[in-house]
Amino acid sequence: MTIQLYNTATRRKEVFDPLDPENVRMYVCGPTVYDRAHLGNARPVLVFDVLFRLLRHVYGEGAVTYVRNFTDVDDKINATALARKEAGASGTLEELVAERSDETIEWYHADMDALGALRPTKEPRATQYIAQMVAMIEDLIGKGFAYAKDGHVLFRVREYDEYGALSGRSVDDMIAGARVEVAPYKEDPMDFVLWKPSDDDLPGWDSPWGRGRPGWHIECSAMAYDLLGDTFDIHGGGNDLQFPHHENEIAQSKCAGHGFAKVWLHNEMLQVEGKKMAKSAGNFFTVRDLLDQGVPGEVIRFVMLSTHYRKPMDWTEKKRAEAEDTLHRWYHSLDRIGSQDLPVEVIEALKDDLNTPGAIAVLHKYYREGNLTALLGGMKLLGIPGPLESKWWQEVWAGEPHTDELHIWTARLLAARKEAMETKDFSAVDAMKASLTSAGVEVRMSKAGVELVPAAGFDPSKLEGLE
């Protein structure tokens, strides 16, 4: 079965046909590193991490290049650096910006690592590619697609006939429906900034148009071209980036003569308890907030992947609890499993436009059937660690004293069932099951035997009073 992906640019699901199967290339818009990553920031990370894993499985680990950038030129970063300088911090403004970026990138890596996300092949910083951006801007000016005025350089949107094709809107519709900055240095309200001047209170770099800094959109075009070439396979990000960011990337890259991205993938947004996450709504939290509250990284990942990437994802406390309980039961069953299989059904689900909820449904089936080697292999393909790799399981549950107690109760229940099969009186078995359930133990009985699985709310002290 071939990989099929929904291409935003064509608005249909297509067979993925890489430009070069030995050099599959993907670019994903990364974070602006001014603060901790909030929960919504984690969704594209996990979506494209699954795609990265799938591509590596199909084409080989060494055949896939995944680039995700860090935007470290931003007004919020600048404001933090300026505040530090005014408070007496030593170093130039550029050095303080780099210091803040280093700090935030370290946080970001720690938080995404906790969610089981693989590091991309390359993680460029915008500040490392200023020269490439300047060269690209000069090329656009030379071709008549951009112009310089008052220290700014702007892109002439109306010179690119296909502008708006990705988001499906005309330029005039965009002007009517968006907040467009009207400035004296603009020929047209829709023209967007490629370069802007910096005063002494802002970081800046020398350029043909004076000391300044790049606009947001030119960063990704320049880095993608430098690291992935003229044309590459996949460009991804959240659907909030379709306009203006991705439209602008396409326009400036195409006008520079680049083929740019062949396939565009966009994930839907995240909500919390059915509402848009916002500080004003009191439902805003970071990935680190959840981790510090004791929510395991694999539980966050499980909840995220339980919704298809092209549908809005609703984070709820109920989903968190259910995911934690599910993984707890799976880990308990897998605690003594040393081998794993790579299940075809899970791979087929992922090849169908990253159908992660379908893949998770297959994992539930494996658990019910007792196909534990396939369960473990499927979990790892989705980036969910096995019990031996799970810090949560190893620190909280593995090797707890109640393990031996559950083995004792398993033997008792087996003996009671054997006697009940002979006497046809199952009252003692039912009573024992009810008592174990009340202590937070899931009782699984089949022809193959008896399995006692401590649920997330398991209370070992309640076993002591059972007879």
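Keep in mind that this is a model prediction, so the values were computed, not measured. (Residues numbered from 1 in each chain as written. Predicted model: local features only at pLDDT ≥ 70, side-chain atom pairs only at ≥ 80, totals over all residues. Heavy atoms only, no water.)

A. Fine view of the overall build of the protein chain. Assigned secondary structure in the protein chain consists of 16 helices and 15 strands. Each principal axis of the C-alpha distribution contributes one length, and for the protein chain these read about 95 × 55 × 40 Å. The buried share of the protein chain, taken over its 467 residues, is 51%. In the form shown here, the protein chain has an accessible surface area of approximately 20800 Å², with 48% of it arising from carbon and sulfur atoms. Taken together, the 53 basic and 74 acidic charged side chains of the protein chain have centroids lying 4 Å from each other. (Helix = DSSP H or I, 4+ residues; strand = E, 2+ residues; numbered from the N terminus. Buried < 20%, exposed > 50% of the residue type's maximum accessible area, 1.4 Å probe, protein only. Areas by Shrake-Rupley, 256 points an atom, 1.4 Å probe, with all protein chains shown as cover. Lys, Arg positive; Asp, Glu negative; His and termini not counted. Charge placed at Lys NZ, Arg CZ, Asp CG, Glu CD.)

B. Highlighting the sheet that holds strand 9 (residues 231–238). Taking strand neighbours across the sheet as the criterion, the four strands line up as 4-3-9-10 in an open arrangement whose pairing is parallel. What marks the edges here is a single partner per strand, and that holds for strand 4 (64–68) and strand 10 (260–267). The average angle at which neighbouring strand axes cross in this sheet is 20 degrees, direction not considered. The pairing of strand 3 (residues 24–28) with strand 4 spans five bridges and is classified as parallel. When the sheet's bridge partners are listed, Arg25 is paired in strand 4 with Thr65. Contacts from helix 6 (residues 216–228) reach strand 3, strand 4, strand 9 and strand 10, with the element oriented near 160 degrees to strand 3. The strands touched by helix 7 (residues 242–255) within the sheet are strand 9 and strand 10, with strand 10 carrying the most contacts at an inclination of about 175 degrees. (Pairing = 2+ DSSP bridges. Axes fitted to C-alpha atoms, helices over the stretch in contact; angles between N-to-C directions. Contact = heavy atoms within 4.5 Å.)

C. Main features of the layout of surface pockets. Roughly 1200 Å³ of internal volume is contained in the largest pocket. For the largest pocket, the lining is made up of 42 residues, of which Tyr34, His38, Gly40, Asn41 and Asp240 are closest to its centre. Those elements that place two or more of their residues in the lining of the largest pocket are helix 1 (39–59), strand 4, helix 3 (93–114), helix 6, strand 9 and strand 11 (270–272). Broken down by element, the residue count for the lining of the largest pocket peaks at five residues, all from helix 1. Taken together, the residues of the lining of the largest pocket sort by class into 18 nonpolar, 14 polar and 10 charged. (1 Å grid on protein atoms, 1.4 Å probe; cavity = no way out; pocket = protein on both sides within 12 Å on 5 of 7 lines; lining within 4 Å. Points joined across faces, edges and corners; volume = space filled by probe spheres on them. Nonpolar A, V, L, I, M, F, W, Y, C, P; charged D, E, K, R; others polar.)

D. Quick look at unusual backbone geometry. Along the chain, Phe243 connects to Pro244 via a cis peptide bond; the corresponding omega equals 5 degrees. Position of Pro244 among the secondary structure elements: in helix 7. Despite not being glycine, Asp150 has its phi angle at roughly 55 degrees, a positive value. By the secondary structure assignment, Asp150 is in the loop between strand 5 (146–149) and strand 6 (152–155). A positive phi angle is found at Asp353, which is not glycine, with a value near 55 degrees.

Without other data, these values stay purely geometric and don't point to any function.
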